[in-house]
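Listed below, chain by chain, are the residues.
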Amino acid sequence: MNFISGGVCAAKGFSANGIHCGIRKNRTKRDLSLIMSDVPATAAAVYTTNLVKGAPLVVTKKHLENNTAQAIICNSGNANTCNANGIEIAEKMCDALSKKIGINPNDIVVASTGVIGQPLDIAPIANGIPSLVDGLSKDGGEFAAEGIMTTDTIKKEVAVEFQIGGKICRMGGIAKGSGMIHPNMATMLVFITTDVNISGEMLQKALSTDITNTFNMLSIDGDTSTNDMVVVLANGLAENEKIVADNDDFKLFMTALNTLTVQLCRMIAGDGEGATKLLECKVSGADSLDTAKTVAKSVVCSSLLKAAMFGADANWGRVLCAIGYSGAKVDVNKVGVCFKSAKGTIEVCRNGAGVDFSEETAKEILLEKEIEILVTLDSGEYSSAAWGCDLTYDYVKINGDYRT
């Protein structure tokens with residue numbers, strides 16, 4: 001498994017582009033992205049569990065009933081959510097694109113991200129589609145990644161290369177996500193492409209299984225967005241023997257998918273709104289996987305712990321507190337906690353009680369950009385990880401005037 005460049009264009013037969021069409025006021029910001037496969041691809045998706053759903057999700061879910069798609073179009077700057085004509089606008093986006101590229105509009109995934117409850121004008125999108133399509137290229141993955149950003153400060157793209165059945169296969173992904181991240185399926189918007197030959201049933205199984213240990217273990221602020229969606233397109237151009245069962249080839253595919261999604265999780269967590277630090281809670285010694293996941297997620301979701309990490313304060317009591325209200329059945333008298341970063345590791349709690357440690361050393365460790373919170377439960381052999389970020393003054397500043 002090797003990391004490679006190219007993002008969503010790393011796999012055979014995929015091209016992409018991103019432009020500024022006029023949705024966003026800042027003309028230096030791309031606000032319309034397109035990912036295209038040379039041939040129809042097998043498709044799988046997961047969607048937000050929020051009862052309030054963006055119109056594009058409704059349209060995309062309908063389009064993917066046959067597990068097939070060939071293009072993904074996404075705008076930023078407007079979520080197209082809670083609009084009376086939202087479905088109509090989403091369908092018009094697909095219609096306008098289909099006329100330009102000559103495919104069935106039902107083979108198009110449509111997505112939107114940005115402000116909720118604002119009318120979305122189809123005109124700038126329709127007018128921008130010709131140049132969006134004309135600019136498609138194998139080098140366009142970076143532009144597509146930029147075009148789906150909102151409060152993100154960095155573009156998020158990754159790609160991997162691996163082998164299945166002796167065939168070289170590639171997989172790439174882009175993501176947007178900085179705030180409103182506490183998903184119950186995936187997170188914000190993630191688009192993944194691969195040239196692996198795999199059935200729709202197995203692709204959906206791979207995605208639905210993977211998110212339980214990756215995107216569902218990610219939290220920035222405790223808010224589940226209305227527009228969360230993860231889509232995978234697999235066009236089969238790697239020409240491996242088609243994966244139709246849970247065999248060794250499927251396990252290799254799952255490993256590649258997990259490698260890619262974990263990296264995207266880390267990028268999203270590290271770029272949380274106002275964040276200065278990436279937090280990763282690693283839980284070991286749990287009596288079940290559910291216990292490990294529940295504890296890890298509870299720790300990274302704790303506002304008090306997140307604030308302590310911002311201040312480089314080794315306040316380990318907040319870790320114990322988060323474990324205590326997590327709902328997991330844990331013997332608190334066996335819990336151990338360490339903080340770890342590039343500057344070293346320091347033990348702060350053993351058997352549910354504090355141990356002597358140097359506050360100066362702890363602060364030096366917690367001043368780093370990436371912090372690991374290591375929790376041992378000493379009750380079993382299961383482990384899990386969750387990702388989040390610190391809570392800073394800037395989070396409030398960003399969201400205090402996000403719309404206005």
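Please read these numbers as outputs of a predicted model, since none were measured by experiment. (Residues numbered from 1 in each chain as written. Predicted model: local features only at pLDDT ≥ 70, side-chain atom pairs only at ≥ 80, totals over all residues. Heavy atoms only, no water.)

> Requested: an account of the overall build of the chain, with residues and values cited.
Looking only at helices and strands, the chain has 11 helices and 15 strands in total. The buried share of the chain, taken over its 404 residues, is 55%. A fraction of 80% describes how many contacts in the chain between residues 6 or more apart in sequence connect residues 24 or more apart. (Helix = DSSP H or I, 4+ residues; strand = E, 2+ residues; numbered from the N terminus. Buried < 20%, exposed > 50% of the residue type's maximum accessible area, 1.4 Å probe, protein only. Contact = heavy atoms within 4.5 Å.)

> Just give me the short version of the environment of Asn 240, but keep the residues and values in it.
As for its position among the elements, Asn 240 is in the loop between strand E9 (229-234) and helix H6 (248-270). The exposure class assigned to Asn 240 is buried, which follows from its relative accessible area of 4%. For the pair formed by Asn 240 and Ala 44, sequence separation is 196 residues and the distance between their alpha carbons is 19 Å. Setting aside residues up to four positions removed in sequence, Asn 240 forms contacts with Ile 164, Lys 167, Cys 169, Asp 195, Val 196 and Asn 197. A polar atom in the side chain of Asn 240 sits 2.8 Å from the backbone nitrogen of Asn 197. (Polar contact = N/O pair within 3.5 Å; in protein donor to acceptor, adjacent residues only side chain to side chain.)

> Tell me what's going on with the pattern of salt bridges, and back it up with residues and numbers.
The final tally for this structure, using the stated rule, is 16 salt bridges. Within the structure, one salt-bridge network assembled from shared partners comprises Asp 152, Lys 156 and Asp 271. (Salt bridge = Lys/Arg side-chain N within 4 Å of Asp/Glu carboxyl O.)

> Requested: an account of the sheet that holds strand E15 (residues 382-389), with residues and values cited.
One open sheet accounts for 6 strands, arranged E13-E12-E11-E14-E10-E15; its pairing is mixed. Two strands lie at the open edges of the sheet, namely strand E13 (353-354) and E15, each paired on one side alone. As paired strands, strand E10 (residues 278-286) and strand E14 (residues 370-376) are joined by 7 bridges and run parallel to one another. For Leu 278, the partnering residue across the bridge sits in E14 and is Glu 370. Taken strand by strand, helix H8 (residues 303-310) contacts E10, strand E11 (336-341), E14 and E15, and its axis lies near 125 degrees from that of E10. (Pairing = 2+ DSSP bridges. Axes fitted to C-alpha atoms, helices over the stretch in contact; angles between N-to-C directions.)

> Go over helix H2 (residues 86-101) with me, naming the residues and quoting the values.
End to end, H2 covers 23 Å across 16 residues, agreeing with the expected 22 Å (1.5 Å per residue, within 8%). Burial in H2 covers these residues: Gly 86, Ile 89, Ala 90, Met 93, Cys 94, Leu 97, Ser 98 and Ile 101. Elements in contact with the buried residues of H2: strand E3 (32-47), helix H1 (55-63), strand E4 (68-78), strand E5 (108-115) and helix H3 (122-134). One or two positions beyond H2, positive phi appears at Gly 102, with a value near 75 degrees. (Expected span 1.5 Å × (residues − 1).)

> Which residues make up the pairing of strand E12 (residues 344-350), and what values do they have?
Regular strands place their side chains on alternate faces of the sheet. Across 5 bridges, the pairing between E11 and E12 is antiparallel. Bridge pairing links Cys 338 to Glu 347 in E12. If you look at the hairpin formed by E11 and E12, you'll find 2 residues sitting between the two strands. With 2 bridges joining them, E12 and E13 adopt antiparallel strand pairing. Residue Cys 349 lies in a different strand from E13, and its bridge partner there is Gly 354. Count of turn residues in the E12/E13 antiparallel hairpin: 2 residues, of which Asn 351 carries a positive phi of about 55 degrees.

> So what about the packing of helix H5 (residues 200-210) against H6? Which residues, and what values?
Where H5 meets H6, the closest approach of the two axes is 10 Å, and the angle between their N-to-C directions is 45 degrees. As summarised for this structure, H5 and H6 are arranged oblique, according to the angle between their axes. Every pair of crossing elements has a handedness; the one defined by H5 and H6 is right-handed. Here Met 202, Leu 203, Lys 205, Ala 206, Leu 207, Thr 209 and Asp 210 of H5 lie close against H6, whose contacting residues are Phe 250, Phe 253, Met 254, Leu 257, Asn 258 and Thr 261. When the residues that make up the contact of H5 with H6 are grouped by side-chain class, the tally is 8 nonpolar, 3 polar and 2 charged. (Parallel < 35°, antiparallel > 145°, perpendicular 65-115°, else oblique. Left-handed = near helix turned anticlockwise from the far one by under 90°. Nonpolar A, V, L, I, M, F, W, Y, C, P; charged D, E, K, R; others polar.)

> Talk me through the nonpolar core; I want residue IDs and the actual numbers.
Met 171, Ile 198, Phe 253, Val 299, Val 319, Phe 339 and Val 375 are the most contacted members of the largest nonpolar core, which totals 73 residues. With 11 residues, H6 is the largest single contributor of residues to this core. Excluding residues within four positions of it along the chain, Val 299 makes contact with Cys 281, Leu 305, Val 319, Ala 322, Ile 323 and Ile 373. Counting residues in hydrophobic clusters, the runner-up holds 26 residues, among them Ala 11, Ala 41, Val 109 and Ala 145. (Core = buried A, V, L, I, M, F, W, Y, C linked by side-chain atoms within 4.5 Å.)

> Give me the side chain of Glu 280: which residues, what numbers.
When you line up the elements, Glu 280 lands in strand E10. On the basis of relative accessibility, which here comes to 9%, the residue Glu 280 falls in the buried class. One polar contact links Glu 280 to Trp 387, side chain to side chain, over a distance of 3.3 Å. Apart from the residues within four sequence positions on either side, Glu 280 is in contact with Arg 266, Ile 371, Glu 372, Ile 373, Ala 385, Ala 386 and Trp 387.

> If you had to explain the packing of H2 against H3 to someone new, which residues and values would you point to?
Taken N-terminus to C-terminus, the directions of H2 and H3 make an angle of 30 degrees; their axes are 10 Å apart at the nearest point. The orientation of H2 relative to H3 falls into the category roughly parallel. As H2 runs across H3, the sense of the crossing is right-handed. Across the interface between the two elements, Ile 89, Lys 92, Met 93, Ala 96, Leu 97, Lys 100 and Ile 101 of H2 pack against Ile 122, Ile 125, Ile 129, Pro 130, Val 133 and Asp 134 of H3. Residues of the contact of H2 with H3, tallied by class, amount to 10 nonpolar, no polar and 3 charged.

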